[in-house]
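# Report on the structure
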Amino acid sequence: MKLAVSGKGGVGKTTIAALLASELAARGYRVTAIDADPNPTLASALGFPTPPTTSLLDLRAEIEERVGGSDGFIRLNPRVDDLVERVAVAHGGIQLIVAGAISRGGAGCACPQNVLLRRLLDHVVLERDEAVVIDLEAGLEHLGRRSAQAADALLVVVDASRSSLETAARIRRLAGEIGVARVLAVANKVRGPEEEASLPGSLDGIELIAAIPYSDALAQAERAGEPVTGADPAAQAAAARLTDALQIRCERRVSV
Ligand SMILES: Nc1ncnc2c1ncn2[C@@H]1O[C@H](COP(=O)(O)OP(=O)(O)O)[C@@H](O)[C@H]1O
Ligand SMILES: [Mg+2]
């Protein structure tokens, strides 16, 4: 399963990516988690005892050497697997890669760091034989067409706020433009069945596949810098239902 998680800032992308990655690991998948947010927090959410010291985009010399840029020429398909091995750290059956922040240049520019980040996502989605969970920013600019089309689903996290629902609609349009096969919604911080029932009508046709309840224990774990996995049995059970729903929709069909 190759999954990317998006949604408005603060809605719970990292929390859900962590719950999902640990649930997949518990089910026996080999899991690679990618923190593609320039402000990385996934290591902490997953309870990594020693967070990665180097992010992929910190490898300046290697990026310069492989992607180029200073001579005005950019190589778009650099090798990345060995760089991944250098920055990846493992804990609890999950291999984590922190992408890091792009230091200059606007979104969509062909600067070398952008090229490498896009190449990383292509690599994990297209070339690695394991479950992949990508914690994205609200935008999709680093998801190139190839990985967008090959990913099993783009999960859009929403809460009951109008702004998160508007962001979800925007993400869906962007996803359509780059050919994402499946856009699915997860509701987070849900305060009761009434709120959950009100959401599908505001989702502009995006299928809502699971709801994670509002949980003081999750918020408390985040404040304390403790892992969100295992912080709250109700949230973990909801993450298990989310994983079931994803498996039903995304498991690759085996031809007979
Ligand atoms: N189900 C939940 N219940 C309560 N608080 C939550 C829940 N999910 C996330 N949070 C809290 O909301 C804040 C933002 O979550 P985070 O996962 O970092 O969002 P994002 O990655 O989308 O910016 C954090 O303080 C987190 O602990
Ligand atoms: Mg986050």
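Throughout what follows, the structure given in this document is the object of discussion.

Thresholds applied
Residues numbered from 1 in each chain as written. Chains lettered and ligands numbered in written order. Predicted model: local features only at pLDDT ≥ 70, side-chain atom pairs only at ≥ 80, totals over all residues. Helix = DSSP H or I, 4+ residues; strand = E, 2+ residues; numbered from the N terminus. Buried ≥ 20, exposed ≤ 12 C-beta atoms within 10 Å, placed from the backbone. Contact = placed C-beta atoms within 7 Å. Pairing = 2+ DSSP bridges. Axes fitted to C-alpha atoms, helices over the stretch in contact; angles between N-to-C directions. Core = buried A, V, L, I, M, F, W, Y, C linked by C-beta atoms within 7 Å. Expected span 1.5 Å × (residues − 1). Near = placed C-beta within 6 Å. Nonpolar A, V, L, I, M, F, W, Y, C, P; charged D, E, K, R; others polar.

### Notes on the overall build of the protein
When its secondary structure is counted, the protein shows 10 helices and eight strands. A principal-axis box enclosing the C-alpha atoms of the protein has dimensions of 60 × 45 × 40 Å. Going through the 256 residues of the protein one by one, you find that 46% of them count as buried. Summarising the internal contacts of the protein: among those between residues at least 6 apart in sequence, 74% fall at separations of at least 24.

### Observations concerning the sheet that holds strand 5 (residues 131-135)
Across the sheet, eight strands lie side by side as 3-4-2-5-1-6-7-8; this open sheet has mixed pairing. Of all strands in the sheet, those bounded by a partner on one side alone are strand 3 (89-91) and strand 8 (207-213). This sheet shows a mean twist of 25° between the axes of neighbouring strands, independent of strand direction. The sheet contact formed by strand 7 (residues 183-190) and strand 8 spans five bridges and is parallel. What sits directly across from Leu 184, in strand 8, is Glu 207.

### Describing the nonpolar core
Residues Leu 3, Ala 21 and Val 133 are the most contacted members of the largest nonpolar core, which totals 78 residues. Looking at which element gives the most residues to this core, the answer is helix 1 (residues 13-26), with eight residues. Residues contacting Leu 3, with those up to four places away along its chain left out, are Leu 20, Val 132, Val 133, Ile 134, Ala 151, Asp 152, Ala 153, Leu 155 and Leu 246.

### Regarding the environment of Cys 111
Relative to the elements of secondary structure, Cys 111 occurs in the loop between strand 4 (94-98) and helix 5 (112-126). Considering only alpha carbons, one finds Cys 111 and Ile 134, 23 residues apart in sequence, at a separation of 22 Å.

### Some details on helix 1
An ideal rise of 1.5 Å per residue puts 20 Å on 14 residues; helix 1 measures up with 20 Å between its terminal C-alpha atoms. Two residues or fewer past helix 1, Gly 28 is found with a positive phi of approximately 95°.

### Observations regarding the environment of Leu 117
Inspection of the secondary structure puts Leu 117 in helix 5. In this structure Leu 117 comes out as buried when scored by C-beta crowding, with 26 C-beta atoms within 10 Å. The sequence separation of Leu 117 and Val 80 amounts to 37 residues, and the corresponding C-alpha distance is 9.5 Å. Residues contacting Leu 117, with those up to four places away along its chain left out, are Ala 36, Leu 57, Ala 99, Ile 102 and His 142.

### Considerations on the site of ligand 1
Around ligand 1 sit 18 residues in total, of which Gly 12, Lys 13, Thr 14, Thr 15 and Glu 222 are the nearest. For the shell around ligand 1, the elements supplying multiple residues, two or more each, are helix 1, strand 7 and helix 9 (216-224). Of the residues that constitute the shell around ligand 1, the class distribution is six nonpolar, nine polar and three charged.

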